[in-house]
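Descriptive structure summary
Chain by chain, the residues:
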4 protein chains.
Amino acid sequence: MSGDKLPRPLRGIIPPMVTPLLDRDTLDAAGLGRLIEHILAGGVHGLFILGTTGEAPSLSYRLRKELIGRACAQVAGRVPVLVGITDTSFVESVNIAREAAAAGAAGLVLATPYYFPAGQPELLEYLQHLTPELPLPVFLYNMPTHTKLFFEPDTVRQAAEIPTVAGLKDSSSNMIYFHRLQGLFKDRPDFSLLIGPEELLSETLLLGGHGGVSGGANLHPRLYVDLYNAAVAKDLDAVAELHRRVMQISMTIYSVGRYGSSVIKGIKCALSLLGICDDFMAEPFHRFRKPERELVQRHLIDLGLLPRQ
Amino acid sequence: MSGDKLPRPLRGIIPPMVTPLLDRDTLDAAGLGRLIEHILAGGVHGLFILGTTGEAPSLSYRLRKELIGRACAQVAGRVPVLVGITDTSFVESVNIAREAAAAGAAGLVLATPYYFPAGQPELLEYLQHLTPELPLPVFLYNMPTHTKLFFEPDTVRQAAEIPTVAGLKDSSSNMIYFHRLQGLFKDRPDFSLLIGPEELLSETLLLGGHGGVSGGANLHPRLYVDLYNAAVAKDLDAVAELHRRVMQISMTIYSVGRYGSSVIKGIKCALSLLGICDDFMAEPFHRFRKPERELVQRHLIDLGLLPRQ
Amino acid sequence: MSGDKLPRPLRGIIPPMVTPLLDRDTLDAAGLGRLIEHILAGGVHGLFILGTTGEAPSLSYRLRKELIGRACAQVAGRVPVLVGITDTSFVESVNIAREAAAAGAAGLVLATPYYFPAGQPELLEYLQHLTPELPLPVFLYNMPTHTKLFFEPDTVRQAAEIPTVAGLKDSSSNMIYFHRLQGLFKDRPDFSLLIGPEELLSETLLLGGHGGVSGGANLHPRLYVDLYNAAVAKDLDAVAELHRRVMQISMTIYSVGRYGSSVIKGIKCALSLLGICDDFMAEPFHRFRKPERELVQRHLIDLGLLPRQ
Amino acid sequence: MSGDKLPRPLRGIIPPMVTPLLDRDTLDAAGLGRLIEHILAGGVHGLFILGTTGEAPSLSYRLRKELIGRACAQVAGRVPVLVGITDTSFVESVNIAREAAAAGAAGLVLATPYYFPAGQPELLEYLQHLTPELPLPVFLYNMPTHTKLFFEPDTVRQAAEIPTVAGLKDSSSNMIYFHRLQGLFKDRPDFSLLIGPEELLSETLLLGGHGGVSGGANLHPRLYVDLYNAAVAKDLDAVAELHRRVMQISMTIYSVGRYGSSVIKGIKCALSLLGICDDFMAEPFHRFRKPERELVQRHLIDLGLLPRQ
């Protein structure tokens, strides 16, 4: 197993990369190259492709495979690449995992199957059957708003006995859950506990979490890396100031749209305005139209990410 | 378009076929043949493959394509075959739809994309983009417990203006919703309104619905066809008696297991006890173990579907 | 116990009366008298006060007691009066129950305590403690959208062993649940199973339910009584036609407002337009303003309940 | 208005006091006196009675009034007393508020009416109507798990323009919501933002929140006061260590029971074991039985709150 590319525990900022598209089934290959360089230039500690922010479930398998190959080649080992393999089909998860390993990825990320609501014993059994088929270490991904299902603490505890289960990324927005996991794993320093929503990154890092999978790091990677470093340095004032900036992005760029798609649309629109990549969205979503785009532009100017004209 | 195989409106009992499996990625081909003959022998009005009961989202695409080919060949035009194309990926939905058309299916069935929770305008636009790519007429499939999303009545009304949208199957268990749709479509006799849960089949048929996609018709197709015929004949006493039998199946076979998987596990276990096909379940589920199997056996005996030993 | 006023099982149409108000804490006493006469003139089989439609939880206890006294005096034994005693406080439920008995009510209606989400064993124990303190028979009231809690079938089954538990009114809109209860109580002809939402009244009556607690019977009691009689006579065509009229009210009068308050606002507004009682609503709601009122007026004309001007 | 007893903003630890009971409608008056002294001895900054932890909705109005009188008399101005007035009835909220003012309370706490799910505009209007009737400043209380309703950020922003609205206590467990409110109120230093769940107290205090309404402070008030002081002193290591102790209470005492009642039952049981007050619970709950009581005892010993025997 090529898991030796993966630090245990994985720490730091691991951006969940958006997937630059030209149309429904065409990668924006040039944009992808620019985006990866933009992100890595920010000093991030890893790259996570084919997650929720990457619109993975909306992409064809062909395109997912193309993306894995291109992204791993572009990163070229500078940071560990994690690949989302979440699927409703066990067999397709394994297929993607093999593509990821062949392309040189360092790890995998797996949410629960998201069509059928499984019971926790069924979920544990599923993990026990799936992990032996995976060629790389795997992070659990708790994402109940989209999967309808929590990885309950006791399930995580039992799953973590599988040696290749390397950590958990929590996007439930429920910090009580996260703190309970921290309590459960206080004697397992190798088990990464990562937070999804960047609005919760500061407290995660201040209270012993290992890092964040921060969508905003597509846009402004340095901000989140600075926050990580400030927290490691226990510089509470700096954390508080950077947290305010993170919240400003959340309350502006991410709040332009309605519906659950608002965050990804905001990030893609901003990246397009920054000239980094196309903002085409996979179905069932579509890019922001002109009024929302102008609002995002104004927010980018206020945030100092675009020059005042 | 080969939609001429599809009556408009489609009426009657269209069983959502379970998918007989030998293991995680192997069809039980012999069992599939027996199951189709068993169902058709009951006098059903169509066959729906790759729905929720068919565990479609849990199957590999390879296996789904194999199933489409074998099922259409076995049915050989005796009844219209509907194929589920629900997917989180637009492109994969189109791929499956083309396989279905090539194999001779009569129509398609489409629930909402089920990872990202789309807004209703996004959902309508998705339908407007997808339907022109589909080679066959399509039924909308309202399945909020699994997709997190309703096809709200106004969205259905607008979608129904697309000529290839042939009807809607409702599995929300909310008969107020269903009756509102009936009100909206009272001047559209060509638009099929079908009910998913068989516990609601009687009232659907008595109050003007077109038919049912009844899971129990895998097991006992004649019962549901009899109920349909009694309702058409306005024989209220017969409907009430058959409704009691339908409820008896629901309160016995479907209530053996826990969790959402209980219905499919119960049907597959019963089919295995009847010698029709294997009861292997795709991940994240597994077949009933011995105690539940014995309980299902006892229920089958009480229902008169297995001889008392 | 004065429960001898209550037929077992209770059958027919038992309207959940709105509470006519002049302001936040003043009963519209004249309107109340007119409303009761209007409803009784429709031939209903009972009257239910202080339910959800009656805005009970929004009223002061003083006003609730005044209403109980006035309503029972006005009805004067012509039909059984049921009084809602649902409360988060056990002691206050008992207090209201005693008022009801003293005023001559025939029965009580009790939903689950609706602040703390109790477990089912806690709920059963609560019923076992409360019922001995109640001076009248009691109907359980399943109202999960407002109480967050189902009376699960097994809890109902156990609660029904208490002799004073006379039936259940289901407002869950889940007919599978209702049919399962019917299955559980098929050998208990004294136990009333009543349906809340009038959109589900037809199927309830056609398939063996005892009656309905139909909000629209405030407005047009005869319609629901006719539907009941048609169902008892097994006149399926008449039921279907009356069901269409019931749905027309639901899709017009009840759909003018937004939010959960839409139904009660619609009924009160219509009653005000008919000159029966004031449409003041208890906080946190308020009566419809002019545009909605005009819409309700137009709907009443279309329904034939107001003369075309 | 006697609101001058209330610091603006209110800061620190304001325990939500449990209500000591001897039976369904009898206060444990002696226990109440001991409990208040126990809590105040811990150095807390206020006392909140008749909240969720105080089982307010389950108590009779008579008992609530008795509690207000006794608690205010016992506290005797040593710290501000806040009184919960949440009710489904506007009139009853005002009644309790008047009792609170007459008894010398400093402020009020108000969650949304919790039976009818109001729309946000309805909720704002309700606040605009209610606040002029209240004799004391009021804190909003966001408690969606029990009320089914959020105070959405824009509603809070508008409500905060009412001068007597003094702050908000958030028990949603959603720190993204809380951080958004902090962003909205960054220029309103007089507006208190308090956190309910003590598991989130550390991050609240580290990132600019004003304090916590920590249920565990019934049991161990000093721990939460120490945490508050450590956060004010920006002593991150001390905060982290105290946070671990807070989580240990959460993962032991609060996790003994099942259902939503588990936290209150755990606190009351522990207080009973410490000899402070009775652990009788209002319906629909009941005190822990022997096995759970022994478990709580063992946890108290492990936490150093009871001597090892």
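Just so we're clear, the structure is a prediction, and the values are computed from it rather than from any experiment. Every chain is numbered on its own, with residues counted from 1 as its sequence reads. For naming, the first written chain is A and the first written ligand is 1, with later ones following in the order written. The predicted origin of the model limits local features to residues at a pLDDT of at least 70 and limits the giving and counting of side-chain atom pairs to 80 or more, whereas totals for whole chains, interfaces and linings rest on all residues. Excluding hydrogens and water, the side-chain values take into account all heavy atoms of the structure.

Let us now look at the pairing of strand β7 (residues 138-142) of chain B. Residue and element names in this part refer to chain B. Only protein chains enter the area calculation, which uses a 1.4 Å probe; residues under 20% of their type maximum are buried, those over 50% are exposed, and those in between are partly exposed. Counting from the N terminus, the helices are DSSP H or I runs at least four residues long and the strands are E runs at least two residues long. Counted residue by residue, β7 has five buried out of five residues, so it is predominantly covered. Burial along β7 is two-sided: the face carrying Val-138, Leu-140 and Asn-142 and the face carrying Phe-139 and Tyr-141 are both buried. Only when DSSP finds a minimum of two bridges between them are two strands counted as paired. Bridging between strand β6 (residues 107-111) and β7 involves four bridges; their strand directions are parallel. Bridging across to β7, Leu-108 finds its partner in Val-138. When the strands point away from the viewer, a crossover counts as right-handed if the path from the first strand over the helix to the second runs clockwise. Where the polypeptide runs from β6 across helix α4 (residues 120-130) and back to β7, its parallel neighbour, the crossover connection is right-handed.

What follows is about the pattern of salt bridges. One side-chain nitrogen of Lys or Arg within 4 Å of one carboxyl oxygen of Asp or Glu is enough to make a salt bridge. Summed over the entire model, instances satisfying the criterion amount to 89 salt bridges over all chains. Across the salt bridge formed by D:Arg180 and A:Glu199, the nearest N and O atoms sit 3.8 Å from each other. Note that D:Arg180 is positioned in helix α7 (residues 175-184) and A:Glu199 in the loop between β9 (192-195) and α8 (201-206), a pairing that runs across two chains. Look at A:Glu199 and you get buried, because its relative accessible area is 7%. With a shortest N-O distance of 3.4 Å, B:Asp25 and B:Arg62 are connected by a salt bridge. Taken together, the residues span a long stretch of sequence, with B:Asp25 in the loop between β2 (21-23) and β3 (26-27) and B:Arg62 in helix α2 (residues 61-75) at a distance of 37 residues.

Before going further, it helps to examine α7(D). All names here are of chain D. A large share of α7 lies buried, amounting to seven of its ten residues. Those residues of α7 lying buried are Met-175, Ile-176, Tyr-177, Phe-178, His-179, Leu-181 and Gln-182. If you check the start of α7, you find a side-chain oxygen 2.9 Å away from the backbone N of Ile-176, and it comes from Asn-174. Any pair of N or O atoms that falls within 3.5 Å is considered a polar contact. Within protein, one atom must be able to donate a hydrogen and the other to accept it, and sequence-neighbouring residues count only if both atoms are side-chain atoms.

The two copies are related by a screw motion: chain D maps onto chain A through a turn of 180° and a shift of 0.0 Å along the axis, at an RMSD of 0.0 Å. In the structure described here, the two chain copies are related by an operation that fits a two-fold rotation axis. We superpose the copies by least squares over the C-alpha atoms of residues that have a pLDDT of at least 70 in both of them.

This part is about the sheet that holds strand β8 (residues 165-170) of chain B. Residues and elements named next belong to chain B. Spatially, eight strands are ordered β1-β10-β9-β8-β7-β6-β5-β4 in an open sheet, and the strand pairing comes out parallel. Of all strands in the sheet, those with a lone pairing partner are β1 (12-13) and β4 (47-49), marking the two edges. Here β7 pairs with β8 via five bridges, running parallel. Of the residues in β8, the one forming a bridge with Phe-139 is Gly-167. We call two residues contacting when some pair of their heavy atoms lies within 4.5 Å. As a rule, the C-alpha atoms of each element are fitted with a line to give its axis, helices using only the stretch in contact, and angles between N-to-C directions run from 0 to 180 degrees. Most of the contacts of α2 go to β4, to which it runs at about 170°, and overall it touches β4 and β5 (81-84). Contacts between helix α7 (residues 175-184) and the sheet are confined to β7, β8 and β9 (192-195), with β9 contributing the most and set at about 165° to the helix.

In this section: the packing of aromatic side chains. Side-chain rings of Phe, Tyr and Trp (the six-membered ring for Trp) are treated as a pair once their centres are within 6.5 Å; stacked means planes under 30 degrees apart, edge-to-face means over 60, and tilted covers the remaining angles. Within the structure shown, the criterion is met by 32 aromatic pairs over all chains. Residues C:Tyr115 and D:Tyr114 carry aromatic rings whose centres are separated by 4.9 Å and whose planes lie at 70° to one another, so their mutual orientation is edge-to-face. Here C:Tyr115, found in the loop between β6 (107-111) and α4 (120-130), pairs with D:Tyr114, found in the loop between β6 (107-111) and α4 (120-130), and the two come from separate chains. Residue classification places C:Tyr115 among the buried positions, given a relative accessible area of 4%. Arranged with centres 4.2 Å apart and planes meeting at 10°, the rings of C:Phe185 and C:Phe191 form a pair that is stacked. For the pair shown, C:Phe185 and C:Phe191 are each scored as buried. What links up through ring pairs into an aromatic cluster is the set A:Tyr114, A:Tyr115, A:Phe116, A:Phe285, B:Tyr114, B:Tyr115, B:Phe116 and B:Phe285. Only when the NZ atom of a Lys or the CZ atom of an Arg is both within 6 Å of the ring centre and within 35 degrees of the ring normal do we say a charge sits over the ring. If you follow B:Lys148 out to its NZ or CZ, it ends over the ring of B:Tyr115, 5.7 Å from the centre.

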